[in-house]
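Descriptive analysis of the structure
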Amino acid sequence: MTRFFLDETRGSRTLEIQPIREFSLMSQTVLIVDDDASIRKTLGMLLVKRMEFKVIEAEDGRDCLSILETDKNDKIKLIILDLNMPVLSGMETLETLHEKHPSIPVIMLTASKEVEDAVQAMKLGAMDFMTKPVQPERMIVSVQNALKMNALSREVTRLKKQTDGQMTFKDLIGHDNGLKDVIQVGTKAAASNIPVLISGETGVGKEVFARAIHGESERAGAPFIAVNCGAIPEKLVESTLFGHEKGAFTGAVTKAAGKFREADGGTIFLDEVGELPLDAQVKLLRVLQQKEVEPVGAGQSVPVDVRVVSATNRNLEHEIEKGNFREDLYFRLNVLPIELPPLCNRKDDILPLAYHFIERFAASENRMLKDLTDEAEKGLKCHSWPGNVRELENTIHRAMVLSENINLDTDDLIFTSSRTTGGESVFMSQGTVSIIGHDGSVKSIADLEKEIITFAIEHHNNNVTRADAELGIGKSTIYRKIGKKAYAEP
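Here goes a summary of the coordinates provided.

The rules behind each value
Counting starts from 1 at the beginning of each chain's written sequence and moves along it residue by residue. A pLDDT threshold of at least 70 governs which residues receive local features in this predicted model, and a stricter bar of 80 or more applies before side-chain atom pairs are shown or counted, although totals over entire chains, interfaces and linings include all residues. Working from all heavy atoms in the structure, the side-chain values ignore hydrogens and water. Only DSSP runs of H or I with at least four residues qualify as helices, and only runs of E with at least two residues qualify as strands; both kinds are numbered from the N terminus onward. Three labels apply to residues, based on accessible area from a 1.4 Å probe with only protein chains included: buried if under 20% of the type maximum, exposed if over 50%, partly exposed otherwise in between. Surface accessibility follows the Shrake-Rupley procedure with a 1.4 Å probe radius. Residue values consider only the protein chains on display as shielding. For Phe, Tyr and Trp, rings pair up if their centres lie within 6.5 Å, where Trp contributes its six-membered ring, and each pair is then called stacked (planes under 30 degrees apart), edge-to-face (over 60) or tilted (otherwise). Between N-to-C directions, angles cover 0 to 180 degrees, with each direction set by a line fitted to C-alpha atoms, over the stretch in contact for helices. In these notes the angle categories are as follows: under 35 degrees is roughly parallel, over 145 is roughly antiparallel, 65 to 115 is roughly perpendicular, and the rest is oblique. Working rule for handedness: look at the near helix, and if it is turned counterclockwise from the far one by less than a right angle, call the crossing left-handed; if clockwise, right-handed. Residue contacts are defined here by distance: any two heavy atoms, one from each residue, within 4.5 Å place the two residues in contact. Asp, Glu, Lys and Arg are counted as charged, while Ala, Val, Leu, Ile, Met, Phe, Trp, Tyr, Cys and Pro are counted as nonpolar; the rest, among them Gly, fall into the polar class.

The helix and strand inventory of the protein stands at 18 helices and 14 strands. Out of the 490 residues in the protein, the part that is buried amounts to 45%. Working note: accessible area of the protein is about 24200 Å², and carbon and sulfur atoms make up 50% of it.

Next comes the structure, spelled out in structure tokens:
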């Protein structure tokens, strides 16, 4: 049984055929199954040179299935399968693939032009059916369409699970890496109705984590209602959360159930709960204690059965000290605290998340699936990600829309912040300064000045003389703006 791995060196652009070895988890890897070695080599060269894919070869159907059994990390994203092969025919192999590996798209090849073969292959789940000799452009289009359709199918499945309240911790990227410890706590929380308070920086994925708690609980499939408490006008907080009767106040032209009653039997997620005004906190505390809501203008209470998961990026203990949050409500919500780590503390999750977003936006934006160059991967891992997963998502989205390269490279990645963590500051010369702070508010002029001055100094390797020359300000101004530090002088 012979297996080969085809790769192409970036420097010399020379095609090499080597024994199969470990390859990047993220790259688009295609398995070519054909008993004709010349066809395998020709197709492999096409996919490597024209699409920069990684390719594995298999001589027959049995070899194909054996390779897939050892593909524990689901690296193989597409199979090109010959119809007529010894040992195990293409149709028999396709039937087994349809049963055991239904998520991997298959393109069938054959020298036959029988319509019946094409019909049978499509019934068994093949994405496309092509006759030999294969036209290169036709194959490239077919491969892209198959991968794109498969990505779209996974995205639809993900959205359906989210909509149906069936998302679980296994759907979270980072299940086995940076989120492992907090997921263990979340799993225990899901097994009960205990109130959970999720804390963490903006953009770490608190709502996604809350959905996973709901999807793992006995309330899975019931309503999951997410409420951004900071986005509700202060005068409408009570009616939004607890409902109102028709005519209860000016503008109440219809009756409204309110978010708590919409979530009856399921879970309500109170995002940014620290933003609630104090009078609304009093009424929320009563709802949690009495398990009933009183719609505005109703005059009587209505019982509700709701699991409460809340989240905040604020330090609520500090807010209590400042008089902005009720201590008794805090103890009601914070029965089981869970803190999600920032993305900079989850380095192993950066690339899996990046490739997840590449696949998502390839499907939603109707773009070609792309890989990341080694330099781009290095840049993503070096960046500090102050905006966390949301910033990474936006960075990949922007790159997928704007990039005209086969794969995403360093010049496709525009970071919101220029800060890096460890390694070389490969993007400092391309960095930008964001005018939006972590809390979503516009930064002050003073803060922006400090960031720009600091960036200029770091860009010139701590040489203040060069920095002040470019900025057009004197050293005394720099020291007054950011404080005097031990910078290098020429």
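The geometry of two aromatic rings is summed up by the distance between their centres and the angle between their planes. Enumeration over the complete set of coordinates arrives at five aromatic pairs. Centre to centre, the rings of Phe242 and Phe260 are 5.7 Å apart; their planes meet at 40 degrees, and the pair counts as tilted. In this pair, Phe242 is assigned in helix 8 (residues 237-242) and Phe260 in helix 9 (residues 259-262), connecting sequence segments 18 residues apart. Taken as a pair, Phe242 and Phe260 share a single burial class, namely buried.

As a further point, take the packing of helix 13 (residues 347-364) against helix 14 (residues 374-382). Running from N to C, helix 13 and helix 14 point in directions that differ by 125 degrees, and their axes come no closer than 9 Å. By the angle between their axes, helix 13 is oblique relative to helix 14. Here helix 13 runs over helix 14; the crossing is right-handed. Side by side, helix 13 and helix 14 meet where Lys347, Ile350, Leu351, Ala354 and Tyr355 of the first sit next to Glu377, Leu380, Lys381 and Cys382 of the second. Classifying every residue of the contact of helix 13 with helix 14 gives six nonpolar, no polar and three charged.

On to the packing of helix 13 against helix 15 (residues 388-402). Between two packed helices, what matters for the description is the angle formed by their axes and the separation of those axes. Contact geometry of helix 13 with helix 15 gives a least axis separation of 9 Å together with a crossing angle of 45 degrees. Taken together, the axis directions place helix 13 and helix 15 in an arrangement best described as oblique. Of the two possible hands of crossing, helix 13 and helix 15 adopt the one that is right-handed. Here Ile350, Leu353, Ala354, Phe357, Ile358, Arg360, Phe361 and Ala362 of helix 13 come into contact with helix 15, specifically with Val389, Leu392, Glu393, Ile396, His397 and Met400. Among the residues forming the contact of helix 13 with helix 15, the class breakdown is eleven nonpolar, one polar and two charged.

The values reported here are purely geometric and, on their own, carry no functional implication.
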